[in-house]
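Okay, here's what each chain looks like letter by letter:
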Amino acid sequence: MGETGNSPILDNPGSKRLLRRKRGSKNYDENLMDELIEKHLGGSLRKKNRTQKDLEKETETEAMIALSLGFPIDELLDEEIRAGVVSELGGKEQNDYIVVRNHILAKWRDNVHSWLSKAQIKETVSNDYARLMNAAYDFLLINGYINFGVSASFESQIFEETTEASVIIVGAGLAGLAAARQLRSFGFKVLVLEGRNRPGGRVYTQKMGQEGNYAAVDLGGSVITGIHANPLGVLARQLSIPLHKVRDKCPLYKPDGTPVDEKIDSEVELIFNKLLDKVTQLRQIMGGFAANISLGSVLETLRQLYAVARSNEERQLLDWHFANLEFSNAGSLSNLSAAYWDQDDPYEMGGDHCFLAGMAMKVLRSLQGIKCFKQIWSSALPLGVLKKGNIRFEPELPEKKVAAIERLGFGLLNKVAMVFAHNFWGEDLDTFGSLRESSHHRGEFFLFYSYHTVSGAPVLVALVAGEAAQLFENTDPASSVHHVLSILRESSLLETTMISLQNLWVAVCFFGGEATTRQYPATMHGAYLSGLREASRILQATRQNNPRKSIQKNLGQNIDILLDLQET
């Protein structure tokens, strides 16, 4: 980080089973970080006469917090460079900016329930660094790194633009609602159009069961995939919603229902990881040629070349890991590029995976705003609708935009959710897996989620991925349920037989959603972050067209976010 002798900070201030294998990354524990923040920002270091050692330790702690939020230790983000936060790259000014930026991020993380103002930052940053403080604060605010979410205290913090700017958001999914709330805080007039009679898109909580045994089951997104620095974790804290850590224990069962030997399980998992390592090495040699080769063909070639997983049980186990990989990527290995299948790995959120069953609708309700209106739009606009070309834009979208929509694909996942009279699989299990006889059916009910800890009743959700997910689309639902139950009956677990991404943006139309982010595709936090991203882009585009100064003003309830939602 460079020298700390002249610090900008004043010394007297007022791999889990359920997702693909992860590469090594620097993460932090949420609770430990809260303790560190309190210790270094809220405790002894606020006293007078802090030592140089105290200042250096505080700077290091804040740098670690910034790193966990995706900011490099001693460099600027590309977005910061484009925003011109410093007059010259490298050197003392950039170093001082980074120290101030990290300090602001740490103070925001210290209390995500309250709006962090510039006045509060001025209490802890020397006036000599006022310009850098303003640059860092404005960048972090506009781009949704601070002061985002659903805290009630944010309602009074509204920005009034001197222009009469209005924004229409098509689709009340997680991305649309996040963008709407963020734009509202920037002072825009916002109208949200939704084709369904509910918000949320693919995030949907369903009440299931019968009287005396109801459960809240998330039929769409249901897992926070990495709690560290995850914006959904911030929303959960703001709403005081407890989360359940998904435990590592995940026993596997053979097609005949007997448990898989742990030694063989470990050996095959090691083979699986080594095969993926070989894919990485091979594509480094092949360069761009790997883009046109499927991940599935490369893995099968390598399996045969190294003569691994030759027995029937080993092959079924390897197929289970392949199914898990297909689940993580929402697509068959035959349709995944050997070059780009893991392009989002460097951006994966670290930390525990957490169940949020029932939380989804609570978050959505908090994002909705003040008023709900009846449905006024005939069709929402997910990627599939855009690809059909039935929506006409005036003015027409640029060719680059149209080409990106045409090239961009999307995968398929399916679930079967079941509520039981009691938990027969054990209180200590959050997940368990089931092997299939055939490679073509390896993704068929290969993994079970147990939501009994968070749903309010004994709930199992069976997952379907890969080729099996395609077949599932044409299968009678009742037949699917009977098939799942037969698998459960056979399992010895049971004690009873009961039953192109980043081009999706133009100055006229702004596109959000998990499909528009290279870093976080197929995740709820990806959808949420894309909403904050587009809100920032809309604000900046508006300022470019009308570069008048924005002022902060308490507008209270005067600016409503309009949702065309019917009461459900």
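Residues numbered from 1 in each chain as written. Predicted model: local features only at pLDDT ≥ 70, side-chain atom pairs only at ≥ 80, totals over all residues. Heavy atoms only, no water.

Digging into the overall build of the protein chain
Summing up its helical and strand segments, the protein chain has 17 helices and 16 strands in all. By residue count, 52% of the 568 residues in the protein chain fall in the buried class. Per element, the accessible surface of the protein chain, about 26,800 Å² overall, is 50% carbon and sulfur. (Helix = DSSP H or I, 4+ residues; strand = E, 2+ residues; numbered from the N terminus. Buried < 20%, exposed > 50% of the residue type's maximum accessible area, 1.4 Å probe, protein only. Areas by Shrake-Rupley, 256 points an atom, 1.4 Å probe, with all protein chains shown as cover.)

Remarks on the pairing of strand β5 (residues 213-218)
The two faces of the sheet receive side chains in turn, since in a regular strand these alternate between them. Bridge count for strand β4 (residues 205-210) against β5 is 6 bridges, and the pairing is antiparallel. Within β5, the position partnered with Thr205 by the bridge is Asp218. With antiparallel pairing between neighbouring strands as the criterion, β4 and β5 make up a hairpin whose turn holds 2 residues, including Gly212 at a positive phi of roughly 90°. (Pairing = 2+ DSSP bridges.)

Considering the pairing of strand β2 (residues 166-170)
The alternating pattern of β2 places Val167 and Ile169 on a buried face and Ser166, Ile168 and Val170 on a face that is not buried. In this structure, β2 lies alongside strand β3 (residues 189-193), joined through 5 bridges in parallel fashion. When the sheet's bridge partners are listed, Ile169 is paired in β3 with Val192. Traced from β2 through helix α7 (residues 174-185) to β3, the parallel crossover comes out right-handed. (Right-handed = clockwise from strand over helix to strand, strands pointing away.)

Remarks on the packing of aromatic side chains
The full count for this structure, using the stated rule, is 15 aromatic pairs. Seen in terms of ring centroids, Phe420 and Phe424 are 4.9 Å apart; in terms of plane orientation they differ by 85°. Their pairing is edge-to-face. Per residue, the accessibility class of Phe420 equals that of Phe424, and both read buried. Sitting over the face of the ring of Tyr204, Arg198 holds its NZ or CZ atom 3.9 Å from the ring centroid. The residue whose ring lies beneath Lys207 is Tyr214, and the NZ or CZ to ring-centre distance is 4.3 Å. (Phe/Tyr/Trp six-rings, centres within 6.5 Å; stacked < 30°, edge-to-face > 60°. Lys NZ or Arg CZ within 6 Å of the ring centre and 35° of its normal.)

Quick look at unusual backbone geometry
In this chain, Glu394 is followed by Pro395 through a cis amide linkage whose omega measures -5°. Its place among the elements puts Pro395 in the loop between α13 (383-388) and α14 (399-407). Positive phi values are uncommon outside glycine, yet Asn147 reaches one of about 55°. Along the chain, Asn147 falls in the loop between α6 (130-142) and β1 (158-160). Within the chain, Ser240 stands out as a residue other than glycine whose phi angle is a positive 55°. Along the chain, Ser240 turns up in the loop between α8 (231-238) and β7 (244-245).

Observations concerning the nonpolar core
If you look at the biggest cluster of nonpolar residues, it comprises 70 residues, and the most contacted ones within it are Tyr97, Ile104, Leu183, Phe188 and Tyr528. With 8 residues, α6 is the single largest residue contributor to this core. When neighbours within four sequence positions are excluded, Tyr97 is seen to be in contact with Leu76, Glu80, Val85, Val86, Leu132, Ala135, Ala136 and Phe139. Grouped together as the second largest cluster of nonpolar side chains are 40 residues, Met208, Phe272, Val279 and Ala338 included. (Core = buried A, V, L, I, M, F, W, Y, C linked by side-chain atoms within 4.5 Å. Contact = heavy atoms within 4.5 Å.)

Quick notes on the sheet that holds strand β13 (residues 447-450)
Read across the open sheet, the 5 strands follow the order β8-β12-β13-β14-β11; overall the sheet is mixed. Single-partner strands in this sheet number two, and they are β8 (252-253) and β11 (414-419). Both β13 and strand β14 (residues 459-464) contribute to a ladder of 4 bridges, which runs antiparallel. Bridge assignment links Ser450 to a residue of β14, and that residue is Leu460. Across the sheet, helix α16 (residues 477-490) lies against β11, β12 (431-434), β13 and β14, angled at about 70° from β11, the strand it touches most. (Axes fitted to C-alpha atoms, helices over the stretch in contact; angles between N-to-C directions.)

Some details on the confidence of the model for the protein chain
Detail in the predicted coordinates should be disregarded across regions flagged by low pLDDT. Confidence in the prediction of the protein chain, expressed as mean pLDDT, is 79, and 79% of residues score 70 or more. α6 holds the highest mean pLDDT among the elements of the protein chain, 96, whereas strand β16 (residues 561-563) holds the lowest, 26. Counting interchain partners and residues more than four positions distant, the pLDDT-below-50 stretch residues 12-33 has 72 contacts. Confidence over residues 370-379 falls short of pLDDT 50; this stretch has 34 contacts with residues more than four positions distant or in other chains. (pLDDT = per-residue confidence, 0-100.)

Re α8
Note on helix geometry: an α-helix contains 3.6 residues per turn, so any two residues three or four positions apart are oriented the same way. Within α8, 7 of the 8 residues are buried, which leaves the element mostly enclosed by the surrounding structure. Listing the buried residues of α8 in full gives Pro231, Leu232, Gly233, Val234, Leu235, Ala236 and Gln238. Sitting at the amino-terminal end of α8 is Asn230, which places a side-chain oxygen 2.9 Å from the backbone nitrogen of Leu232. Note on α8: the residue one or two positions beyond its end, Ser240, has a positive phi of about 55°. (Polar contact = N/O pair within 3.5 Å; in protein donor to acceptor, adjacent residues only side chain to side chain.)

A few points about the packing of helix α9 (residues 262-286) against helix α10 (residues 295-305)
Put simply, α9 and α10 touch, their axes get as near as 10 Å, and they point 110° apart. When the axes of α9 and α10 are compared, the pair comes out roughly perpendicular. Remark: the crossing between α9 and α10 carries right-handed chirality. In this structure, α9 uses Leu275, Leu276, Lys278, Val279 and Leu282 to contact α10, whose residues at the interface are Leu295, Val298, Leu299, Leu302 and Arg303. (Parallel < 35°, antiparallel > 145°, perpendicular 65-115°, else oblique. Left-handed = near helix turned anticlockwise from the far one by under 90°.)

Some thoughts on the environment of Ser486
If you trace the backbone, Ser486 turns up in helix α16. With relative accessibility at 25%, the residue Ser486 sits in the partly exposed group. Within the structure, Ser486 has its side chain in polar contact with the backbone oxygen of His483 (distance 2.6 Å).

Details of the sheet that holds strand β9 (residues 353-355)
On the basis of which strands lie adjacent, the open sheet formed by 3 strands has the order β6-β9-β7 and antiparallel pairing. On the outer flanks of this sheet lie β6 (223-225) and β7, each paired with one strand and no other. The pairing of β6 with β9 spans 3 bridges and is classified as antiparallel. Bridge assignment links Thr225 to a residue of β9, and that residue is His353.

Section: the packing of helix α4 (residues 91-110) against α6
At their nearest, the axes of α4 and α6 sit 9 Å apart, and the two run at 50° to each other. When the interaxial angle is binned, α4 and α6 end up oblique. The crossing of α4 and α6 is right-handed. Residue-level contacts link Glu93, Asp96, Tyr97, Val100, Arg101, Ile104 and Leu105 of α4 to Arg131, Leu132, Met133, Ala135, Ala136, Tyr137, Phe139 and Leu140 of α6. Residue classes in the contact of α4 with α6 are distributed as 11 nonpolar, no polar and 4 charged. (Nonpolar A, V, L, I, M, F, W, Y, C, P; charged D, E, K, R; others polar.)

A word on the environment of Leu105
Tracing the chain through its elements places Leu105 in helix α4. For the pair formed by Leu105 and Leu140, sequence separation is 35 residues and the distance between their alpha carbons is 8.1 Å. Not counting residues up to four positions away in its chain, the partners in contact with Leu105 are Ala66, Leu69, Phe71, Leu140, Tyr145 and Ile146.

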